[in-house]
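Analysis of the macromolecular model
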Amino acid sequence: QMQLLESGGGLVQAGGSLTLSCTASGILLGGYAVGWFRQGAGKGREFVAAINWNGRNTNYADSVKGRFIISRGNAGNTVYLQMYILKPEDPAVYYCARGKSNSDLSAADDNFDYWGQGTQVTVSS
């Protein structure tokens with residue numbers, strides 16, 4: 001079965017940090033751009049960050065720039081989202097998605113073809 005798997009979500013206090021991981025089953029992440037998106041309660045899905053195939057180029061939404069870090073490990077087959085200084089506006093279901101190319105980091109949904117089921121991030125004040 002071809003799928004992406006997110007993990008690492010949970011409850012954290014405002015100002016705290018959390019690291020999400022994205023791995024794949026049945027497909028490869030290595031060699032492709034990977035993005036993180038989120039969808040808060042009652043909101044549409046929004047782009048968070050993306051990383052190219054070799055980890056050298058990244059793109060971030062303005063709302064998370066300077067607080068979140070996207071990176072790759074495990075020979076490119078795991079993608080992480082380190083989230084620092086979490087704010088009340090950050091709670092959401094966070095999804096990872098595999099890009100259709102190795103380097104396109106634009107935020108459009110249709111640049112990504114495989115999506116995970118999401119992991120919930122909750123921030124308490």
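Residues numbered from 1 in each chain as written. Predicted model: local features only at pLDDT ≥ 70, side-chain atom pairs only at ≥ 80, totals over all residues. Heavy atoms only, no water.

For the rest of this paragraph, the subject is the overall build of the protein. From N to C terminus, the protein includes zero helices and 11 strands. Its helices and strands taken in sequence order, the protein reads β-β-β-β-β-β-β-β-β-β-β from the N to the C terminus. Computed over the C-alpha atoms, the radius of gyration of the protein is 13 Å, within 12% of the 14 Å expected from 2.2 N^0.38 for a compact globule of 125 residues. Seen through its C-alpha atoms, the protein measures out along the principal axes to roughly 40 × 30 × 25 Å. (Helix = DSSP H or I, 4+ residues; strand = E, 2+ residues; numbered from the N terminus. Rg over C-alpha atoms; globule rule 2.2 N^0.38 Å.)

Among the secondary structure elements, R98 is positioned in strand β9 (residues 92-99). Judged by its relative accessible area of 8%, R98 is buried. A distance of 3.0 Å separates a polar side-chain atom of R98 from the backbone oxygen of L28. R98 has contacts with L4, I27, L28, L29, Y32, A33, N111, F112, D113 and Y114, leaving out every residue within four places of it along the chain. (Buried < 20%, exposed > 50% of the residue type's maximum accessible area, 1.4 Å probe, protein only. Polar contact = N/O pair within 3.5 Å; in protein donor to acceptor, adjacent residues only side chain to side chain. Contact = heavy atoms within 4.5 Å.)

The next subject is a nonpolar patch on the surface. On the surface, a nonpolar cluster with roughly 260 Å² of combined accessible area is contributed by I69, Y84 and I85. Structurally, the position occupied by I85 is in the loop between β8 (78-83) and β9. (Patch = residues over 30% accessible without salt bridge, like charges linked within 9 Å, V, L, I, M, F, W, Y side chains within 5 Å. Areas by Shrake-Rupley, 256 points an atom, 1.4 Å probe, with all protein chains shown as cover. Salt bridge = Lys/Arg side-chain N within 4 Å of Asp/Glu carboxyl O.)

Where strand β3 (residues 18-25) lies against β8, five bridges are found, and the strand directions are antiparallel. Residue L20 lies in a different strand from β8, and its bridge partner there is L81. Relative to β8, strand β7 (residues 68-73) runs antiparallel, the two being bridged by six bridges. By the bridge assignment, F68 is partnered in β8 with M83. Count of turn residues in the β7/β8 antiparallel hairpin: four residues, of which N74 carries a positive phi of about 55 degrees. (Pairing = 2+ DSSP bridges.)

With that settled, consider the environment of A92. Assignment of secondary structure puts A92 in strand β9. Note: C-alpha distance between A92 and Q39 (53 residues apart in sequence) is 5.1 Å. Non-local contacts of A92, meaning those with residues more than four positions away in its chain, are made with R38, Q39, G40, T119, Q120 and V121.

Once that is clear, we can look at the sheet that holds β3. Strand order in the open sheet formed by four strands is β1-β3-β8-β7, with antiparallel pairing between adjacent strands. Of all the strands in the sheet, just β1 (3-7) and β7 have a single pairing partner and so form its edges. Shown here is a sheet whose adjacent strand axes are inclined to one another by a mean of 20 degrees, direction ignored. (Axes fitted to C-alpha atoms, helices over the stretch in contact; angles between N-to-C directions.)

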